[in-house]
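# Architecture and fold: a report
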Amino acid sequence: MLFFSYFKDLVGREVTVELKNDLAIRGTLHSVDQYLNIKLENTRVVDQDKFPHMLSVRNCFIRGSVVRYVQLPPDGVDVDLLHDATRREARGG
């Protein structure tokens, strides 16, 4: 639940989601659920030459199981908060 809580705080921010098929999509995080399924708005493909068929997609739903990485905005990472939450979760509560 640590990552779910963290991603909920990033709603409305721009993120880049890289999928397991090497497709990278940048967009505004609209929502995320407990399975880390992600809904993006105002999307654009990072490598448009490799995926030209994706140019017309503006909104998308991404199943959490196909996500390889989520690149966060540099100013959106509170390292101290993540460290504290990780320690709390490791202790069991």
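Residues numbered from 1 in each chain as written. Predicted model: local features only at pLDDT ≥ 70, side-chain atom pairs only at ≥ 80, totals over all residues. Heavy atoms only, no water.

### Brief notes about the pairing of strand β1 (residues 14–19)
- Most of β1 sits out of view: five of its six residues are buried.
- In this sheet, strand β2 (residues 24–32) lies alongside β1 in antiparallel orientation, the contact comprising five bridges. Among the inter-strand pairings, V15 is bridged to a residue of β2, identified as G27.
- The pairing of β1 with strand β5 (residues 67–71) spans four bridges and is classified as antiparallel. Bridge pairing in β5 places V17 opposite V70. (Buried < 20%, exposed > 50% of the residue type's maximum accessible area, 1.4 Å probe, protein only. Helix = DSSP H or I, 4+ residues; strand = E, 2+ residues; numbered from the N terminus. Pairing = 2+ DSSP bridges.)

### Observations concerning the nonpolar core
- In terms of nonpolar packing, the biggest core is built from 19 residues, with V17, L19, L23, I25, I38, L40 and I62 touching the most fellow members.
- Breaking this core down by element, the ones donating at least two residues are α1 (2–9), β1, β2, β3 (38–45) and β4 (60–62).
- In this structure I62 touches V17, L19, I25, N37, I38, L40 and V67, once residues within four positions along its chain are discounted. (Core = buried A, V, L, I, M, F, W, Y, C linked by side-chain atoms within 4.5 Å. Contact = heavy atoms within 4.5 Å.)

### A few points about the environment of A24
- For A24, the position within the fold is in strand β2.
- Given a relative accessible area of 16%, A24 falls into the buried group.
- Residues A24 and V11, spaced 13 residues apart in sequence, show a C-alpha to C-alpha distance of 18 Å.
- In contact with A24, other than residues within four places in its own chain, are T16, V17, E18, R44, V45 and V46.

### Notes on empty space enclosed by the protein
- Tallied over the full model, the rule gives one cavity of 30 Å³ or more.
- Its volume calculated, the largest cavity comes out at about 40 Å³.
- Lining the largest cavity are I25, T43, R44, V45, M54 and V57.
- When residues in the lining of the largest cavity are grouped by element, the largest group, three residues, is from β3.
- Here the lining of the largest cavity is composed, by residue class, of four nonpolar, one polar and one charged. (1 Å grid on protein atoms, 1.4 Å probe; cavity = no way out; pocket = protein on both sides within 12 Å on 5 of 7 lines; lining within 4 Å. Points joined across faces, edges and corners; volume = space filled by probe spheres on them. Nonpolar A, V, L, I, M, F, W, Y, C, P; charged D, E, K, R; others polar.)

### Focus on the sheet that holds β1
- Spatial ordering of the open sheet is given by β4-β3-β2-β1-β5, a layout of five strands whose pairing is antiparallel. One side of each edge strand has no neighbouring strand; the edge strands of this open sheet are β4 and β5. In this sheet, adjacent strand axes meet at a mean angle of 45 degrees when their direction is disregarded.
- One ladder, built from three bridges, connects β3 with β4; its direction is antiparallel. By the bridge assignment, K39 is partnered in β4 with F61. (Axes fitted to C-alpha atoms, helices over the stretch in contact; angles between N-to-C directions.)

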